[in-house]
Amino acid sequence: MSKVEPERPDGAMRAVKDCLAGSVGGIAQVFAGQPFDTVKVRLQTQPELYRGTIDAVRKTIQNDGFSGFYKGTTTPLVGVGLCVSIQFLVMEHMKRTFARINGTPSGQTPNLSAAQLYMAGATAGVANSIVSGPVEHIRVRLQVQTAGSAAQYRGPIDCIGQIYRGFGLGGIYKGQVATVIREFNGYGMYFLAYEALVQRTMRQTGRRRDQLPSGLVCLYGAAAGFAMWLTSYPIDVIKSKLQTDGFTAGSRKYNGTIDCAQKIMRQEGFKGFFRGITPCLLRAAPANAATFIGFEMAMPMRFAFIATLFICAVSAAPLPADRALYDGTLGGLLKTLSGLTAAIGDLVNQSTNDLGQGPH
């Protein structure tokens, strides 16, 4: 086995660039896929209310208007950007690590095995679950509630506050075991499919990654989304049911991941594990195509430009209209975000002339 060499000194800057490029991809994913995800979650967790995908779409428009499809968008807009940053940061690091283990010369495109690509993606998925678990928990609770006075939560911050005050950090991480299982296999298959297709095309055509046609990148991103969901959808159903279940013994339907799986099989049969898969697969193509095209287009750009895109996207995130919600936790969050944005802006100004010289 070849000796593993230490990473080059510019590794930290590569990591920052991976994060920011991943954020661009994540934000693109949210805007492209949120309506499909809302329908999927409602079908998964409220099967008694909807006869199918079209019925769920019709009733969502009837009860909540078109804005109902974007319920809970603020949470994933911030959270998914961070999640996808973690995914691509860890994935790119694992790819470089395996390339050094394989003895790939510096500067040469690595050619990783299927097992290495799967493990790199699975590692990225587990790392991502630390953030994706709470983000998806808050999002699904907001997605399943209807608009009006009956709504339990006024928004993501209010939802986080109520859950944390009543049930602590364990409440925020409800359904985390199912989340980790889904992320491990899901992202293993996700990045395996995408990277295998990209590597094959690069070998056949002799092109670099940044020279691949955008249409192919979109197609391979869509294929990666299908690979992920077709192999991980049943555990996603379990995760959604656990995350929208009650917190107390009196309101809780399920006592854990295994109990939830057993009750789905007993009450709904095998098809219960695939309820809502139609909007999920419809979402997989545009959302994941947008993710990879955003990432691949951002990576060759100068560091300063990627950072500017990230700042603009964060600044455009919708904020609650109720000014009272700006107190306490949200106020602190906004101050922190403002400071972070200013710091990144300073870094951009200092880095324009000497960072991000082309793709790596």
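These numbers come from a predicted model, not from an experiment.

## So, the overall build of the protein
Here is step 1 of the chain: Scanning the protein for helices and strands turns up 11 helices and 0 strands.
Here is step 2 of the chain: Overall, the protein shows an N-to-C arrangement of helices and strands of α-α-α-α-α-α-α-α-α-α-α.
Here is step 3 of the chain: Across the 360 residues that make up the protein, the buried fraction comes to 51%.
Here is step 4 of the chain: For the protein, restricting intrachain contacts to residue pairs at least 6 apart in sequence, the fraction spanning at least 24 positions comes to 79%.

## Looking at the pattern of salt bridges
It is possible for side chains of opposite charge to pair when their charged atoms get near one another.
Here is step 1 of the chain: Taken as a whole, this structure holds 16 salt bridges when the rule is applied.
Here is step 2 of the chain: Note that R42 is salt-bridged to D64, the shortest N-O span being 3.0 Å. Taken as a pair, R42 in helix α1 (residues 11–45) and D64 in helix α2 (residues 53–64) lie far apart in primary sequence, 22 residues in all.
Here is step 3 of the chain: Taking relative accessible area as the criterion, R42 reaches 2% and is therefore assigned buried.
Here is step 4 of the chain: A residue is classified by how much of its surface remains accessible, and D64, at 10% relative accessible area, is buried.
Here is step 5 of the chain: The salt bridge partner of E136 is R182, with a shortest N-O separation of 2.8 Å. Of the two residues, E136 sits in helix α4 (residues 114–144) while R182 sits in helix α6 (residues 176–205), which places them 46 residues apart along the sequence.

## Remarks on α6
Here is step 1 of the chain: Compared with the 44 Å implied by 1.5 Å per residue over 30 residues, the 42 Å span of α6 between its first and last C-alpha is a close match.
Here is step 2 of the chain: Within two residues after α6, G206 carries a phi angle of roughly 75°, on the positive side.

## Quick look at the nonpolar core
Here is step 1 of the chain: Residues Y190, F191, Y194, I238 and F292 are the most contacted members of the largest nonpolar core, which totals 44 residues.
Here is step 2 of the chain: Among the elements of the structure, α3 (74–101), α4, α6, α7 (214–243), α8 (257–268) and α9 (277–298) are those that each provide at least two residues to this core.
Here is step 3 of the chain: Looking at this core element by element, the count peaks at 10 residues for α7.
Here is step 4 of the chain: Setting aside chain neighbours within four positions, we find Y194 in contact with R209, V217, Y220, G221, A224, F292 and E296.
Here is step 5 of the chain: The next biggest cluster of nonpolar side chains, apart from the first, holds 7 residues, and it includes L142, I163, I172 and F247.

## Thoughts on the packing of α4 against α6
Here is step 1 of the chain: Contact geometry for α4 and α6: axes closest at 6 Å, N-to-C directions at 140°. Overall, the two elements α4 and α6 adopt an arrangement that is oblique. As for the relative orientation of α4 and α6, their crossing is right-handed in sense.

## So, the environment of F273
Here is step 1 of the chain: Locating F273 in the fold gives a position in the loop between α8 and α9.
Here is step 2 of the chain: In this structure, the C-alpha to C-alpha distance between F273 and Y233, residues 40 residues apart in sequence, is 7.3 Å.
Here is step 3 of the chain: Apart from the residues within four sequence positions on either side, F273 is in contact with Y233, P234, V237, I238, A261, I264 and M265.

## Here's the deal with the environment of R252
Here is step 1 of the chain: With respect to the helices, strands and loops of the structure, R252 is situated in the loop between α7 and α8.
Here is step 2 of the chain: The class for R252 is partly exposed, based on a relative accessible area of 33%.
Here is step 3 of the chain: Separated by 10 residues in sequence, R252 and L242 place their C-alpha atoms 9.0 Å apart.
Here is step 4 of the chain: When residues no more than four places from it in sequence are discounted, the contact partners of R252 are K174, D245, G246 and F247.
Here is step 5 of the chain: Separated by 2.8 Å, the side chain of R252 and the backbone oxygen of F247 make a polar contact.

## So, the packing of α7 against α8
Here is step 1 of the chain: Running from N to C, α7 and α8 point in directions that differ by 105°, and their axes come no closer than 10 Å. Here α7 is positioned roughly perpendicular relative to α8, judged by the angle of their axes. Residues I235, V237, I238, K241 and L242 of α7 form the contact with α8, whose participating residues are T257, C260, A261, I264 and E268.

## A closer look at the confidence of the model for the protein
Close reading of the predicted structure is inappropriate where its pLDDT is low.
Here is step 1 of the chain: Looking at the protein, the pLDDT average stands at 77 and 69% of residues meet or exceed 70.
Here is step 2 of the chain: Below pLDDT 50 for its whole length, residues 1–9 participates in 15 contacts with residues either more than four positions away or in separate chains.

## Structural notes on a nonpolar patch on the surface
Here is step 1 of the chain: Taken together, the side chains of M119, V126 and F184 present a nonpolar region at the surface, about 220 Å² in accessible area.
Here is step 2 of the chain: With respect to the secondary-structure elements, M119 resides in helix α4.
Here is step 3 of the chain: Overall, the relative accessible area of 36% leaves M119 in the partly exposed class.

## A word on α7
An α-helical segment advances 3.6 residues per turn. Residues three or four places apart therefore align on the same side.
Here is step 1 of the chain: When the terminal C-alpha atoms of α7 are compared, their 37 Å separation across 30 residues is substantially less than the 44 Å that a helix rising 1.5 Å per residue should span.
Here is step 2 of the chain: The sharpest bend along α7 measures roughly 65° and falls at S232, with the proline P234 sitting one to four residues further on.

Cut-offs applied
Residues numbered from 1 in each chain as written. Predicted model: local features only at pLDDT ≥ 70, side-chain atom pairs only at ≥ 80, totals over all residues. Heavy atoms only, no water. Helix = DSSP H or I, 4+ residues; strand = E, 2+ residues; numbered from the N terminus. Buried < 20%, exposed > 50% of the residue type's maximum accessible area, 1.4 Å probe, protein only. Contact = heavy atoms within 4.5 Å. Salt bridge = Lys/Arg side-chain N within 4 Å of Asp/Glu carboxyl O. Expected span 1.5 Å × (residues − 1). Core = buried A, V, L, I, M, F, W, Y, C linked by side-chain atoms within 4.5 Å. Axes fitted to C-alpha atoms, helices over the stretch in contact; angles between N-to-C directions. Parallel < 35°, antiparallel > 145°, perpendicular 65-115°, else oblique. Left-handed = near helix turned anticlockwise from the far one by under 90°. Polar contact = N/O pair within 3.5 Å; in protein donor to acceptor, adjacent residues only side chain to side chain. pLDDT = per-residue confidence, 0-100. Patch = residues over 30% accessible without salt bridge, like charges linked within 9 Å, V, L, I, M, F, W, Y side chains within 5 Å. Areas by Shrake-Rupley, 256 points an atom, 1.4 Å probe, with all protein chains shown as cover. Bend = angle between axes of the 7 residues up to and from the residue.

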